[in-house]
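Structure at a glance
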Amino acid sequence: MKRDKALVIFSGGQDSTTCLFWAKRHFREVSALTFVYGQKHAVEVEYAQMIAEKAGVCWERMDIPFIGSLSHNSLTDPTMAVDKEKPAGSPPNTFVPGRNLFFISIAAVYARERGIYDLVTGVSQVDFSGYPDCRDSFVRSLNVTLNLAMDEQFVIHTPLMWMDKCEVWALADELGVMDIVAADTVTCYNGIPGDGCGECPACKLRRRGLERYMEIKAKKTI
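Structure report, in brief. (Residues numbered from 1 in each chain as written. Predicted model: local features only at pLDDT ≥ 70, side-chain atom pairs only at ≥ 80, totals over all residues. Heavy atoms only, no water.)

Turning our attention to empty space enclosed by the protein. With the rule as written, the count across this model stands at two cavities of 30 Å³ or more. Volume-wise, the largest cavity comes out at about 760 Å³. Residue assignment for the lining of the largest cavity shows that the elements contributing at least two residues are helix H1 (14-26), strand E2 (27-36), helix H4 (99-112) and helix H8 (201-221). Here the residues of the lining of the largest cavity are counted per class, giving 15 nonpolar, 12 polar and five charged. (1 Å grid on protein atoms, 1.4 Å probe; cavity = no way out; pocket = protein on both sides within 12 Å on 5 of 7 lines; lining within 4 Å. Points joined across faces, edges and corners; volume = space filled by probe spheres on them. Helix = DSSP H or I, 4+ residues; strand = E, 2+ residues; numbered from the N terminus. Nonpolar A, V, L, I, M, F, W, Y, C, P; charged D, E, K, R; others polar.)

What follows is the structure, given as structure tokens:
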């Protein structure tokens with residue numbers, strides 16, 4: 001049985017796009033909220049809107065530029081190059097401190113005003129690039145905090161939490177949207193749609209996952 005309404009925190013990348021279509025399978029009414037937080041590549045927002053239109057869901061963008069101004073990181077600072085490899089013992093310079101904390105908290109307030117209490121986010125602890133705010137413990141803690149803060153019963157859904165990128169591709173394929181995920185999403189830290197630049201950590205992770213999934217799929221068809 002499908003639940004009522006859900007709000008997807010939607011960047012237009014591989015993970016959030018897979019989650020958008022996952023939500024369409026599990027909820028009667030799905031909305032998508034895209035944050036503009038000072039990221040260097042506006043193309044992310046354009047593609048998010050395009051994908052939302054293809055999915056037939058209500059889409060809205062929200063400008064919250066203060067997030068990008070709080071720290072120095074390569075996703076919001078045009079003078080900083082993206083790390084090609086994750087530094088040992090610390091998050092990569094693509095880490096935007098507090099990003100998911102703000103995103104989910106703001107999304108909860110936005111959702112509450114619209115009678116929505118199910119939130120969907122594409123974070124994963126398996127392929128989380130060293131970002132502490134992608135961990136299951138963080139999401140569970142924030143879920144409790146939001147419920148206490150607003151005296152509501154929100155549920156934060158993380159369908160990809162225990163999936164690696166190979167499994168995320170498999171889910172997209174099962175949902176019938178692998179072509180959309182492959183061609184229309186912007187996962188690349190350098191803002192290149194589809195396969196991306198091929199050099200940044202996000203592109204490498206995405207490519208490795210796809211290659212592994214295609215190998216597994218090919219073996220199943222033999």
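Still more ground to cover, so stick around.
Looking at the secondary structure, you find Asp133 in the loop between strand E4 (118-120) and helix H5 (136-150). Salt bridges are absent for the buried Asp133, whose nearest opposite-charge side chain, Arg99, sits at 5.5 Å. A distance of 3.1 Å separates a polar atom in the side chain of Asp133 from the backbone nitrogen of Asn100. For Asp133, the residues in contact, after removing those within four places along its chain, are Phe95, Val96, Gly98, Arg99, Asn100, Leu101, Val123 and Phe138. (Buried < 20%, exposed > 50% of the residue type's maximum accessible area, 1.4 Å probe, protein only. Lys, Arg positive; Asp, Glu negative; His and termini not counted. Salt bridge = Lys/Arg side-chain N within 4 Å of Asp/Glu carboxyl O. Polar contact = N/O pair within 3.5 Å; in protein donor to acceptor, adjacent residues only side chain to side chain. Contact = heavy atoms within 4.5 Å.)

Moving on, we come to the side chain of Thr187. Along the chain, Thr187 turns up in the loop between helix H7 (178-184) and H8. Here Gln14 takes part through its backbone nitrogen, which lies 3.0 Å from a polar atom of the side chain of Thr187. Separated by 3.0 Å, the side chains of Thr187 and Arg206 make a polar contact. Once you skip the residues sitting within four places of it in the chain, Thr187 turns out to touch Gly13, Gln14, Ala202 and Arg206.

Moving on to the nonpolar core. Nonpolar side chains in soluble globular proteins tend to be buried together. Formed by 35 residues in total, the largest nonpolar core has its most connected members in Leu7, Ile104, Leu119 and Leu146. Looking at this core, the elements that each hand over two or more residues are strand E1 (3-9), E2, H4, H5 and H8. Of all the elements, H4 adds the most residues to this core, at six residues. Apart from the residues within four sequence positions on either side, Leu119 is in contact with Leu7, Ile104, Ala107, Ala108, Ala111, Phe154, Val155, Ile156 and His157. In this structure, Ala6, Leu20, Val45 and Trp169 belong to the second largest nonpolar core, which totals 33 residues. (Core = buried A, V, L, I, M, F, W, Y, C linked by side-chain atoms within 4.5 Å.)

This part covers the sheet that holds strand E5 (residues 155-157). Strand pairing in a sheet is mediated by backbone hydrogen bonds. Such pairs are either parallel or antiparallel. Spatially, the five strands line up as an open sheet ordered E3-E2-E1-E4-E5, and their pairing is parallel. A strand with exactly one partner marks an edge of an open sheet, and here the two such strands are strand E3 (58-63) and E5. Between one strand axis and the next, the sheet turns by 25° as a mean value, whatever way the strands run. Pairing between E4 and E5: three bridges, direction parallel. Considered in E5, the bridge of Val120 is made with His157. (Pairing = 2+ DSSP bridges. Axes fitted to C-alpha atoms, helices over the stretch in contact; angles between N-to-C directions.)

Under the definition given, this model contains six aromatic pairs. Taking 5.5 Å as the distance between ring centres and 45° as the angle between the ring planes, the aromatic pair formed by Tyr117 and Phe154 counts as tilted. Of this pair, Tyr117 sits in the loop between H4 and E4 while Phe154 sits in the loop between H5 and E5, placing them 37 residues apart in sequence. One aromatic cluster is present, built from ring pairs that chain together Phe35, Tyr37 and Phe103. (Phe/Tyr/Trp six-rings, centres within 6.5 Å; stacked < 30°, edge-to-face > 60°.)

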